[in-house]
Amino acid sequence: MWSGESNYQYSNDHCFKHPYYNLFLQRLTPDSPESNLVASYLMKPFRLCSSIPRLPITSTHIARTNQLRSISNTNRQMSSEREDSIPHELRTAAEPRQNRLHTVRLSHIEQVNPSVRLLQFALPTQENNNNAQQSFNFLPGQWLDVHIPSIAKAGGFTITSTPADAQVLPSPEASTAPAEEPLASSINFQGRPPYVELAVQDSPGNPAAAWLWRPKEDILGKELSIRVGGSFTWPPTGVDSKDVKNGVFIAGGVGINPLISIISHLNNNDPNTICPSKIHILYSTRLPKGHENLSLEEKLEQILFLPRLRQIMKSQIQSRRTEIHLDLFLTDLTAVSDQFGLEEAGLSVHTGRITETYLHEVAVGASERNDLRDTVCYVCGPPAMTDAMVDVLGRMLGEGGKKRIFFEKWW
């Protein structure tokens, strides 16, 4: 589930005020589960689309927020179980959302590793689309409200495909493929129907995720309803894309989900997409369970979206459009064995967590002519990691640097 806690600014003509919005504001009390989340919203600049009013910061809210700030660290750092108990739609009530639901069909499931599934949802093509239903569109980095008929509350999952994947790509020849085709990559794939992709972690306590983890034969072909939302998107708001020379993307665990959508989008070679000349990816994660008896390549194949990132890097080496570097941090290893001495252009494997030294190298050292105004940073991961990264990057980028740091937290 994804938090709506983002510092991004977003505008969309097709947004609506979520019915949970007023409840979100009414529950501004120090002892409510949402207290820490509400405080973070009220104390940061946050501009939503024109149809959703800015959070009303009154003197009462300020007083309550100051009271919240005095709560003990124990209450600030609520347990993950308590955070997970907040419904997705309530947590993201202040986030922009499109005003329409789309009916989709679960068309493919792929098991990436023991704890993550990739799911594709087929979108209706133009000729099959009901006139009352507008075409599906989104920005890289956004998430979905997923409404499952048998589940009372919608689940929230980040889109991992690209906007181009949601468009029909005609095949030069008549298709003879079976009903369930191999999972499509975002890269140079022709002749496939439009789809949207999600990466869902095995979470028995999350009803929507648990349903999406049912046996394949029980759920393939089922219809669901989805709605696009979120403000952690590319291109960066408030920054001219033409001025961005250095893009820094920092992921912790499944925080890679929105970033893979953005990075894949930048790799699609769309002439209308302005891409940074340099991209640095810092990806902190763990090896999947049961990796001990796997070969090196098998281990790497099971790290969420690492194969896709490696493919993107290879394609950019060939096109020479963007210079991409990926630093993979394996937090459950104490030492990198000789087998991890990969000789692969642009890829480096490290033990432990992302350090301030690495952040400085990619955010400051990689800036052209040491002009930090050409750098933008995207951060997505667990709350503690995200807060730490944003704080360090804010100090590194200097005056005005916080405007070029965009983040989202997952719970």
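Cut-offs applied
- Residues numbered from 1 in each chain as written.
- Predicted model: local features only at pLDDT ≥ 70, side-chain atom pairs only at ≥ 80, totals over all residues.
- Heavy atoms only, no water.
- Pairing = 2+ DSSP bridges.
- Helix = DSSP H or I, 4+ residues; strand = E, 2+ residues; numbered from the N terminus.
- Axes fitted to C-alpha atoms, helices over the stretch in contact; angles between N-to-C directions.
- Salt bridge = Lys/Arg side-chain N within 4 Å of Asp/Glu carboxyl O.
- Buried < 20%, exposed > 50% of the residue type's maximum accessible area, 1.4 Å probe, protein only.
- Expected span 1.5 Å × (residues − 1).

Engineer: For this particular structure, what's the right way to read the sheet that holds strand E3 (residues 116-122)?
Structural biologist: Strands in a sheet are paired, the pairing made by backbone hydrogen bonds, and the direction either parallel or antiparallel. Taking strand neighbours across the sheet as the criterion, the 6 strands line up as E5-E4-E7-E2-E3-E6 in an open arrangement whose pairing is antiparallel. Edge positions in the sheet fall to strand E5 (155-158) and strand E6 (195-201), since each has one partner strand and no second. Looking at each pair of strands side by side, their axes are set apart by 40° on average, direction ignored. Across 5 bridges, strand E4 (residues 143-147) lies against strand E7 (residues 223-229) in antiparallel orientation.

Engineer: Whenever I open this one, the pattern of salt bridges confuses me. Can you help?
Structural biologist: Pairs can form between side chains of opposite charge once their charged atoms are near each other. By the definition in use, this model includes 8 salt bridges. Salt-bridge contacts for Arg 97 lead to Asp 145; the nearest nitrogen and oxygen are separated by 2.6 Å. Here Arg 97, found in the loop between helix H6 (88-91) and strand E2 (102-113), pairs with Asp 145, found in strand E4; they are 48 residues apart in sequence, far enough to count as distant. Taken as a pair, Arg 97 and Asp 145 share a single burial class, namely buried. Across the pair Arg 227 and Asp 145 runs a salt bridge, and its minimum N-O distance is 3.9 Å. Here Arg 227 is found in strand E7, whereas its partner Asp 145 is found in strand E4, with 82 residues between them in sequence. Through salt bridges with shared partners, a single ionic network connects Arg 97, Asp 145 and Arg 227.

Engineer: Which parts of the structure should I look at to understand helix H11 (residues 306-319)?
Structural biologist: What sets the pattern is the α-helix's 3.6 residues per turn: residues three or four places apart point alike. In a regular helix each residue adds 1.5 Å, so 14 residues correspond to 20 Å; H11 covers 20 Å between its end C-alpha atoms and thus fits that length. All of the buried residues in H11 are Leu 306, Arg 308, Leu 309, Arg 310, Ile 312, Met 313, Ser 315 and Gln 316. Of the residues trailing H11, Arg 320 is marked for its positive phi of about 55°.

All quantities given are derived from atomic positions and should not be read as evidence of function.
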